[in-house]
Amino acid sequence: MATRRTLPFLNQLLRKSISSPLDPPHLGLGLGLGFESRRSVTYMPRPGDGSPRPVTLIPGDGIGPLVTGAVEQVMEAMHAPVYFETYDVHGDMTKVPPEVMDSIKKNKVCLKGGLATPVGGGVSSLNVQFRKELDLYASLVNCFNLEGLPTRHENVDIVVIRENTEGEYAGLEHEVVPGVVESLKFCSERIAQYAFEYAYLNNRKKVTAVHKANIMKLADGLFLESCREVATKYPGIKYNEIIVDNCCMQLVSKPEQFDVMVTPNLYGNLVANTAAGIAGGTGVMPGGNVGANHAIFEQGASAGNVGNEELMEEKKANPVALLLSSAMMLRHLQFPSFADRLETAVKRVIAEGKYRTKDLGGTSTTQEVVDAIIAVLD
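Since we're looking at a predicted model, the values are computed, not measured.

Chemist: Would you take a moment to explain the overall build of the chain for this structure?
Modeler: When you go through the chain residue by residue, the secondary structure sums to twelve helices and twelve strands. Split into buried and exposed, the 378 residues of the chain put 48% on the buried side. Long-range pairs, those at least 24 residues apart, make up 73% of the contacts in the chain with a sequence separation of at least 6.

Chemist: I tried to follow the packing of helix α10 (residues 320-332) against helix α11 (residues 336-352) on my own but got confused; where do I start?
Modeler: Geometrically, a packed helix pair is captured by the angle between its two axes and the distance between the axes. Contact geometry for α10 and α11: axes closest at 7 Å, N-to-C directions at 160°. Accordingly, the angle class assigned to the pair α10 and α11 is roughly antiparallel. Between α10 and α11 the crossing geometry is left-handed. Here α10 contributes V320, L323, L324, S326, A327, L330 and R331 to the contact with α11, which in turn contributes P336, F338, A339, D340, L342, E343, V346 and I350. Of the residues belonging to the contact of α10 with α11, the class tally is eleven nonpolar, one polar and three charged.

Chemist: Just to check I follow, could you spell out the confidence of the model for the chain for this structure?
Modeler: Predicted coordinates in regions of low pLDDT should not be interpreted in detail. The predicted model of the chain has a mean per-residue pLDDT of 86, with 85% of residues at 70 or higher. Strand β3 (residues 109-112) holds the highest mean pLDDT among the elements of the chain, 98, whereas helix α1 (residues 2-19) holds the lowest, 43.

Chemist: Would you take a moment to explain the nonpolar core for this structure?
Modeler: Note that soluble globular proteins tend to have their nonpolar side chains buried in a common cluster. Formed by 89 residues in total, the largest nonpolar core has its most connected members in M75, V82, L111, L251 and M261. At eight residues, α10 tops the list of elements feeding residues into this core. Ignoring anything within four residues of it in the chain, the contact list for V82 reads P52, R53, V55, M75, L330, L333 and F335. V89, I104, F130 and L134 belong to the second largest nonpolar core, which has 13 residues in total.

Chemist: Sorry if this is basic, but what is going on with unusual backbone geometry here?
Modeler: Glycine aside, residues mostly have negative phi, and peptide bonds are mostly found in the trans state. For K108, which is not glycine, the phi torsion reads 75° and is therefore positive. Within the fold, K108 resides in the loop between α3 (98-107) and β3. K108 gets classed as partly exposed once you look at its relative accessible area, which sits at 37%.

What counts and how
Residues numbered from 1 in each chain as written. Predicted model: local features only at pLDDT ≥ 70, side-chain atom pairs only at ≥ 80, totals over all residues. Heavy atoms only, no water. Helix = DSSP H or I, 4+ residues; strand = E, 2+ residues; numbered from the N terminus. Buried < 20%, exposed > 50% of the residue type's maximum accessible area, 1.4 Å probe, protein only. Contact = heavy atoms within 4.5 Å. Axes fitted to C-alpha atoms, helices over the stretch in contact; angles between N-to-C directions. Parallel < 35°, antiparallel > 145°, perpendicular 65-115°, else oblique. Left-handed = near helix turned anticlockwise from the far one by under 90°. Nonpolar A, V, L, I, M, F, W, Y, C, P; charged D, E, K, R; others polar. pLDDT = per-residue confidence, 0-100. Core = buried A, V, L, I, M, F, W, Y, C linked by side-chain atoms within 4.5 Å.

See the structure below:
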């Protein structure tokens, strides 16, 4: 009896809600009756998931303090559930201070400005030290068109997933005898696994492996074998391969053909920066580095990530890339609503075009861009 009486009662309630123009639009209860929900369901948090999370913050060199300061301001304006533990680290240090590594290992998550990388001289890159000690084997850069920002190509939305700890960047090289240097290159299948898993979980349709196996038959051949083997486990994702030199040509002529790209270490650095330049510049492309236990988020494309003296003096560094990277960080921390609010505000300011830094054709300072983003936060 109770079941039979429920349906007429529900129909009566729905008819009443339809007849009253003052009722809120979400009373349709998602029953396909023409009502629209104001806010979609994101995820069901576990008790305690809303507690503020500590994040290690490394302002870095050059424009780093400017853009990380921008992130701090926006996070505070949103009342985002994160707080920062800040450490002074610079690229000319011989090694990462132990207390910084301890902080990242404790917090699991780090936000980082650019660190200057010494050229030659036998000084190890701190970026490489972070990746190796924390085993951040996957680097991800998302290169996409932003509405209102004119570029040569449209419909660009490329994710470059680069192996981060192996290959040439692993620094496995030594001088055998004076004038003879030997470099070692090796490959494991976990970067292929990560690329396909990313594509699967993010509803991406295609994974392209970038290689030079026509010349590096053993090393890059092993990379392709790994990709092919993993591809068989994901039948719903299209898989193809492209030689790196042809890849660069295709990127600048028809970038919209690419979706997810998986690459060995050195090729990925070149491909990611090329894709970033095509989609709008390194100043707007987010990225991060992730391993099984830790993640570091930073500007996606490395070219120019510390800026120049003029940018620092005029305080006109572009904060967009690191702000979008911090949105990626918020999703990683399972705060998707805050990530959505931040991304929406950034994209709105870019689309309106009133506040843009020099690299995007404007004259705005970093602070003016930050103020505009805070003003349109939902």
